[in-house]
Amino acid sequence: MNYTEVNIEIKPYSQQNTEILTALLAELGFDSFTDSDSGLIAYIPTSQFNENELTLLLNNLPFDVEVNYVVAHIADQNWNTKWESNFDPITVENFCRVRAPFHKPEPGYSLEIVIEPKMAFGTGHHQTTWLMIREMFSIDLMGKTILDMGCGTGILAIVAEKLGASRVTAIDNDSWAYENSMENVSANRCSRINVVLGDASSLKDENYDVILANINLNILLNDLPTYRKHMNTKGYLLMSGILTSDIQTISEAAKENGLSVLATKSKNDWAFVLTQSD
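All figures in this text were calculated on a predicted structure; none of them were measured in a lab.

**Concerning the nonpolar core**
And step 1. The biggest cluster of nonpolar side chains holds 59 residues, and the ones touching the most others in it are Leu25, Phe30, Cys96, Met136, Val159, Ile193 and Leu238.
And step 2. Per-element accounting of this core gives the leading share, six residues, to helix α5 (residues 155-162).

What follows is the structure in structure tokens.
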């Protein structure tokens, strides 16, 4: 798969503006991000790149900045080396460390997960992954059935199995994410994860005790009725991939779908919402 790189310069530069722009770009299909000295570098599958949409977004940002960008195309065979140079491990307090195969192991964590990055991490995604994993350690997953929607690398599904889940379904509509999840499930010696290429419409008659959805606001809002339909009584829905400014919107939508909002949390402008079915 070929990717398109968009190097965006923001004047004046601020971390907050970068985080907001990351979330907005994710709505257009950009799936990986990294900071630069003057802004943000964002990546999107070339087949999904629409420069007119990008220009419209950058010309109508919700904050007063000057934005310039440069587009480059990255061939599949050049990607892994480029991405490895930008990838840092994710550490969630002393609970979990997520590292790539080229990082050395570190003691002192309850879990250490090995993930081949392949386009799945970057600014923002670290924060939302952190929020999701941290809350997973606060919920008893032993013997529970889990659904990981938009699984990406499969990291949350892997953590769920390691925390005792009896059965995990991991779904993503991107073929590369699907293949990467399969590789990572195998590399972490997981045996109770079923990886599916598809989206919320792929769900059949199965219900789940816990649903993990680290995606983006639009998909969450669109798929909330489906998630609710497939939740067991007193089941949990954990959502992230949204900004703190989206908490009220997603909380109201959850309530409209018969879910109680138990907690909201944030990290560097990124937000997490925990809900439960009646």
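**Observations concerning the packing of aromatic side chains**
Centre-to-centre distance and the angle between the planes together describe a pair of aromatic rings.
And step 1. For the structure shown, the criterion picks out three aromatic pairs.
And step 2. A ring pair is formed by tyrosine 3 and tryptophan 176, whose centres lie 5.7 Å apart and whose planes are at 55°; its orientation type is tilted. Placement of the pair is tyrosine 3 in strand β1 (residues 3-11) and tryptophan 176 in helix α6 (residues 175-187), with a sequence separation of 173 residues.
And step 3. Exposure remark for tyrosine 3: the relative accessible area of 3% places this residue in the buried category.
And step 4. Between phenylalanine 30 and phenylalanine 49 the ring centres are 6.5 Å apart and the planes differ by 85°, which places this aromatic pair in the edge-to-face class. Taken together, the residues span a long stretch of sequence, with phenylalanine 30 in the loop between α1 (15-27) and β2 (32-35) and phenylalanine 49 in the loop between β3 (39-45) and α2 (51-58) at a distance of 19 residues.

**Remarks on the packing of helix α7 (residues 217-229) against helix α8 (residues 247-256)**
And step 1. One can describe the packing of α7 onto α8 by two numbers: an axis separation of 10 Å at closest approach and a directional angle of 10°. One way to sum up the angle between α7 and α8 is to call them roughly parallel. Contacts between α7 and α8 involve Leu217, Leu220, Leu221 and Leu224 from the first element and Thr249, Ile250, Ala253 and Ala254 from the second.

Reading guide: rules and limits
Residues numbered from 1 in each chain as written. Predicted model: local features only at pLDDT ≥ 70, side-chain atom pairs only at ≥ 80, totals over all residues. Heavy atoms only, no water. Core = buried A, V, L, I, M, F, W, Y, C linked by side-chain atoms within 4.5 Å. Buried < 20%, exposed > 50% of the residue type's maximum accessible area, 1.4 Å probe, protein only. Helix = DSSP H or I, 4+ residues; strand = E, 2+ residues; numbered from the N terminus. Phe/Tyr/Trp six-rings, centres within 6.5 Å; stacked < 30°, edge-to-face > 60°. Axes fitted to C-alpha atoms, helices over the stretch in contact; angles between N-to-C directions. Parallel < 35°, antiparallel > 145°, perpendicular 65-115°, else oblique. Contact = heavy atoms within 4.5 Å.

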